[in-house]
Structures are given as structure tokens and as C-alpha cells.
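Commentary on secondary and tertiary structure
The chain contents come next:
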Amino acid sequence: MIKNGKFFVEPRQSTDNFKVLFGRLAAQGAGRPVDQHEVADGPWTPETLANAITAMDANNRGIDVRTVQVWFQANDNGISDKNIHWLARIFGCNDPVETSRWQSELKASKERLTTERRARRRVTTEPDREASGRVEGQMIRANESPGEIEAPLDQQELEYQKISLAGRAECLFLDGAPFGMVVTMWASVAVLLYIGYLLGAHDVTYSPVKDVEKQVGLFWSPNWLLDKLVWLPLIVFTVSSLVTSWKEQWRPLMVAESSDTTQSCSWDEKLALYSSSFVGITLVCFFIVFLLQWYGSYLQPLMQNDAGSRVIDWLLISIERPDVMSANQGMAASMYANLLSGIAYWYCFSGLMLLYIVSMDFKDISGRLRTGMKSNKSLEVLHIADSIVSGIFRCAVFSLLASIGIKLVAVYLMTDSENLMRWLVLDAGALIDVNDVSWTWFDKNPSASITSFFVMFIPVFVFFLCASQIRGSVRSLLTAKRAGNGDSIGPVGAAAKNTMKTWLSWAGVILLLVVNFWLIGRFTGFSVLLLTSCCAALFCVAGSQTSHATRDLMRKEELREAHGK
């Protein structure tokens, strides 16, 4: 194809990285003058390509041939966004529309190169290649002006990860790191169980009132175990899967469909914008979840040997049963247990923060999508939106179940029931008139109210905020689709309508769990509502994996377009 007297190659939205894509185009001579047979007069060489870029209008500084040589070499060095602009003009034959398309294609291929390089670096190290890349980068820097320096991306990323807490948090949720993180948490819980067993606090009772032996042992306290053994690992793996899919698959696909990639910052730049938020999460988890709760709920009463208005649990049992545990042992055990909770919920809140960043990144990129996208591409964007909301929903449900467990045990400790299971069975039996046994309340305050509130409120806030932002992006996509197709949106509109109905049902499940959180112990029969709501939530989580509806529509749309051609 000839465009403006030069050989033009159509962008085909391939999955190649920058090195592969550039090598193919250079070999084909994309953007070169044509000969008498209307084909390119030869492939690009570093010298001819550098001369062509330097000769462009508005490129007053030119480009060093050594910079172009790096693009031809099989190394891990990338390309700057500014040079992508000049290269897109070459491959687009100075046509504004085609230049924009090639700019999107090159930007997406650059991100794929970054992703592949990271994956290789985690599997093995290549010192010879890295040394060669450093030497080449030094040669370029020695011969280029500061405005045209193209530093190796490995160096940029390493510097970024060293100074950014956000980058370090992200690394914990990528590749094999989540499994190691979960195993470490499980090992820490095993240590906690061993400590409780050695101290004799794993199965211990005390007598709050006459003729009542109340069970407060560690093995009977799911608030210290289930969140770290079950709910937190599920959150970690969900966040890991979603962030990895966004970085490696979905984001490059959407960037390739963007109408203007120059306004789209990279994922690392987007992550760096939220670095202060991760600092805030760290401070909250250390000073509130760990330090404040440990000092106010455990250290102070143990030092005074007086629980005051606080409920007695296995960490405060030395106040009522000094024969089981000493005050010093209680201080050490409570410090370790609360520190473990602080670390666990740092993982939880950091994962939710990453999901929020993914949602905002989706919103930003979707706002720059081309208005003339084909239906199968629009369905693919809708599938991505559904996958993101689904992942946030699952994390919110897991967090709410953890907060309900904390609140449930805290309320149980304020009653005169002998153990947690008996309390729940008696409550359910009273509702259906199986028994008329009731319980009484102690005039005590639960020690875990701060943690349970944070664990309940933060994921709910993140879910509704992200879902509303993504819903707005989808509606904007439908509006643009309707404008481009004469008020007809076809299968995209039908799929979007079904997807939003599903999101609305998920929001109802979240609100139901929040209501259950506040109603624990408030009326007779609350346990039946609680059990029903938790089962319904888990059922929705099991079915919240992105349905095959959008994918089926995508395949049908592709077949229809293929037959149309």
C-alpha cells in the first residue's frame, strides 16, 4: 500500500513486543520511498532511519545514530515516548490518522517488552546482557544531549522500586511472591497457635458469673485464625491475578485501542502517583491496628492487672486465671498477636489499594478509546470491566466475612454463654421456639471494635467507589458507540445491560453483609440471618467469575465480521 508516496504497512494490533515489531517493520521498509514496482526501495538501516527522523519538520535536535542502533539490537533497552512519536510518523507516512494508530501500536508493544523483561528477570539473571546494556547506555549518554537520553528501562525500574513503597507493595502481589507471602502468614499463625498451646491458653475457661464457665481459648476464637488462614490468602491471590492480568494482558490491549497514547502514562508512573497512599496504609496498620490496639486493649490492663470495662479473652486470661498465664507472658503473646494482625491487614489494605489503582487506570484509558471501535473490541473492554469489578467484589466479601468473624467473637465475649457455638445454636433455637433459653449481657466493651470497623468499612468503600467509576466508563463507551452507529449499540448494549444488573446484585450482597455486621447480637435469631447471608455471599462469589456471555458475543461478532469480509 502506498501513502504519501511511501510504502505503508497497516497496523494489525499484534501481540509482539517492541523489538519484534520494530524488526519486522524495519525489514519490510515501512515508511520508505517506493520504487517503480511500488514496493519499498529497501529495508531500514540505523543510518537511514536516523537520517529520516532528523530530517523531519519540528525535529530541531535530531537523533543520534547510536540511539537508533539500540532499537535494532537484541537487548532489553526500550524507547522513549518522544522517539515513539517520531517513529510513528515514519511508519504512518506522515499521515495524521495513521501516525496516531502506529503511535498506539508502538506504545502497546513497548509495554509488552517491559512486561516480558520483568518476567525474565524474575526467572534468571543475565549479567552479560545487562553489562552490555549498561555500556551501550553509557555510550549513548556520552553522545546525546540530556533531552534525548534514553536510559535502559531496567535501571529506571530498579530506581523506582528502591524509592517507592508502592512499587514494593506491587512486587509482593506479582508472580510467585503471593504464594510465599501466604505461606509466611500461615507459618506465623502456626507460631501463634503453638504459643497459645504452650501457655495453656488454647482451651481455657473462666467464671464471669456464678455457675458459668466461659470458654475463651485461642482454639475457640476464629477471629484470630480464620482471617489469616482463609480470607486473607483468598484476597491475596485474587489481587495478584487481577493486577497481573491488567498489566500483562488488558492494559496493553486497551492502550493499543487508545486514540492518543501520548497522554497515557505507564503503569509504573501511575503507581508512583499513589505512593503516599501506601505510606498512609502503613501508618494506619502500624499505629492503629497494631500499636494503639495492643496498648489500649492489652498492655495497659495487663500492667494494671485490671481489665476494667474490657472483655476477657485468651490474651487477658492472666487477670482472671493467673495460674494459666502470667502477665508478662500475656504482654509478649498479645504483642505478637497484634503485630501479626497489623501485618495481615497491611496486606489486605494494600491489595485493595492496588485494585483501586487498576480501576482508576481503566477509567483513564477507557476515556481515550477510539470512537470507531469494532463491536468485538467493545465487548472485550466490557469483559475487562466486568473482570475488574468481579475481583473487587470478591475481595470485599472476603474482607467483610473477616470483619464479621471479629465482631461475632467480640459480641460473644460480652454474653454469659459458655461457648461460641452454643450461643449461636441457642439463638437459632429461640427463633424457631425449640428452646426458651436466653442469655444476658455483661457491661463490657469489646477490644476489637477498631479493627473490625476498618476491615468492614474500607473494602465496602473501595468496592462502591471503583464500581461507580467503572460503571461511568462503560456508560461513556456505550454513548460513544451509540453516536457512531446511529443510536444502535447491538450486542454491546445487551451485554452491558446484563453486566450492570449483575453488578447491582453484587452491591446488594455487600450491603446485606454490612447490615449483618451491625445487627450481630441485636435481636433474637440474628444467627439465622447471618448464616443465610454468608451462604448467599459465598454463592455469589463462586458465581462471580466473569461469565462467558461477553466472550460468546465476542466470538459471534468476529464470525459475523469475517463473513462480512
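Residues numbered from 1 in each chain as written. Predicted model: local features only at pLDDT ≥ 70, side-chain atom pairs only at ≥ 80, totals over all residues. Heavy atoms only, no water.

Across its full length, the protein chain holds 20 helices and four strands. Every one of the 565 residues in the protein chain was classed for burial, and the buried ones make up 53%. At a minimum sequence separation of 6, the contacts of the protein chain that also span at least 24 residues come to 75%. Total accessible area on the protein chain is roughly 25100 Å²; 59% of this is exposed by carbon and sulfur atoms. (Helix = DSSP H or I, 4+ residues; strand = E, 2+ residues; numbered from the N terminus. Buried < 20%, exposed > 50% of the residue type's maximum accessible area, 1.4 Å probe, protein only. Contact = heavy atoms within 4.5 Å. Areas by Shrake-Rupley, 256 points an atom, 1.4 Å probe, with all protein chains shown as cover.)

Our focus in this paragraph is the packing of helix H8 (residues 165–172) against helix H14 (residues 327–366). The description of two packed helices rests on the angle between their axes and on the distance between the axes. Two elements in contact, H8 and H14, have axes separated by 10 Å at closest approach and are oriented at 100°. Here H14 runs roughly perpendicular to H8, going by the angle between their axes. Residue-level contacts link Ala169, Glu170 and Leu172 of H8 to Trp346, Tyr347 and Leu354 of H14. (Axes fitted to C-alpha atoms, helices over the stretch in contact; angles between N-to-C directions. Parallel < 35°, antiparallel > 145°, perpendicular 65-115°, else oblique.)

Bringing the environment of Leu420 into the picture now. Looking at the secondary structure, you find Leu420 in helix H16 (residues 420–431). Overall, Leu420 belongs to the buried group, its relative accessible area being 8%. Remark: the alpha-carbon pair of Leu420 and Leu408, spanning 12 residues in sequence, is separated by 8.8 Å.

On to the nonpolar core, then. Grouped together as the largest cluster of nonpolar side chains are 127 residues, with contacts concentrated most on Trp246, Phe362, Ile388, Trp423, Phe463 and Val474. At 22 residues, helix H15 (residues 375–412) tops the list of elements feeding residues into this core. Within the second largest apolar cluster, 29 residues are counted, among which are Leu49, Ile90, Trp102 and Leu113. (Core = buried A, V, L, I, M, F, W, Y, C linked by side-chain atoms within 4.5 Å.)

This part covers helix H4 (residues 81–91). The buried fraction of H4 amounts to eight of the 11 residues, a majority that puts the element mostly inside the structure. Listing the buried residues of H4 in full gives Asn83, Ile84, Trp86, Leu87, Ala88, Arg89, Ile90 and Phe91. Positive phi appears at Cys93, one or two residues downstream of H4, with a value of about 55°.

Our focus in this paragraph is a nonpolar patch on the surface. Side chains of Phe179, Val183, Trp186, Leu226, Leu229, Val230, Leu234 and Phe237 sit close together on the surface and give an oily, nonpolar patch of about 640 Å² of accessible area. Secondary structure elements with two or more residues in the nonpolar patch: helix H9 (177–199) and helix H10 (226–256). The leading source of residues in the nonpolar patch is H10, at five residues. Within the secondary structure, Phe179 sits in helix H9. Among the residues examined, Phe179 registers a relative accessible area of 52% and is labelled exposed. (Patch = residues over 30% accessible without salt bridge, like charges linked within 9 Å, V, L, I, M, F, W, Y side chains within 5 Å. Salt bridge = Lys/Arg side-chain N within 4 Å of Asp/Glu carboxyl O.)

Our next topic: the pattern of salt bridges. Per the counting criterion, the structure on display carries nine salt bridges. Measuring nitrogen to oxygen at the nearest pair gives 2.8 Å for the salt bridge that ties Arg32 to Asp41. When its relative accessible area of 13% is taken as the criterion, Arg32 is described as buried. A salt bridge links Glu111 to Arg251, with the shortest nitrogen-to-oxygen separation between them at 2.5 Å. In this pair, Glu111 is assigned in helix H5 (residues 96–123) and Arg251 in helix H10, connecting sequence segments 140 residues apart. For Arg251, a relative accessible area of 1% gives the class buried.

This brings us to the packing of aromatic side chains. The final tally for this structure, using the stated rule, is 23 aromatic pairs. Aromatic pair Phe22 and Phe72: ring centres 4.9 Å apart, planes at 80°, arrangement edge-to-face. Taken as a pair, Phe22 in helix H1 (residues 18–28) and Phe72 in helix H3 (residues 65–72) lie far apart in primary sequence, 50 residues in all. Taking relative accessible area as the criterion, Phe22 reaches 1% and is therefore assigned buried. For the pair Trp423 and Phe526, a centre-to-centre distance of 5.2 Å together with 45° between the ring planes defines the contact as tilted. Here Trp423, found in helix H16, pairs with Phe526, found in helix H19 (residues 526–542); they are 103 residues apart in sequence, far enough to count as distant. Clustering of aromatic rings is evident, with ring pairs tying together Phe18, Phe22, Trp71, Phe72, Phe91 and Trp102. In this structure, Lys214 is placed above the aromatic ring of Tyr412, and the distance from its NZ or CZ to the ring centre is 3.7 Å. Positioned over the ring face of Phe517 is Lys407, at 4.5 Å from the centre of the ring. (Phe/Tyr/Trp six-rings, centres within 6.5 Å; stacked < 30°, edge-to-face > 60°. Lys NZ or Arg CZ within 6 Å of the ring centre and 35° of its normal.)

Let's shift gears to H15. Look at H15: 55 Å from first C-alpha to last across 38 residues, which is about the 56 Å you get at 1.5 Å a residue. H15 sits mainly inside the fold: 36 of its 38 residues count as buried. (Expected span 1.5 Å × (residues − 1).)

By the secondary structure assignment, Phe286 is in helix H12 (residues 275–304). Expressed as a C-alpha distance, the spacing of Phe286 and Asn338, which sit 52 residues apart in the sequence, is 9.6 Å.

The next thing to look at is the environment of Leu225. Here Leu225 is to be found in the loop between strand E4 (214–215) and H10. Note: C-alpha distance between Leu225 and Leu192 (33 residues apart in sequence) is 9.2 Å. Excluding residues within four positions of it along the chain, Leu225 makes contact with Val189, Leu193 and Leu218.

Glancing now at the packing of H1 against H3. Packing of H1 against H3 brings their axes to within 9 Å, and their N-to-C directions diverge by 105°. Taken together, H1 and H3 sit at an angle that is classed as roughly perpendicular. Contacts between H1 and H3 pair Phe18, Lys19, Phe22 and Ala26 from the former with Val70, Trp71 and Phe72 from the latter. Considering only residue class, the contact of H1 with H3 consists of six nonpolar, no polar and one charged. (Nonpolar A, V, L, I, M, F, W, Y, C, P; charged D, E, K, R; others polar.)

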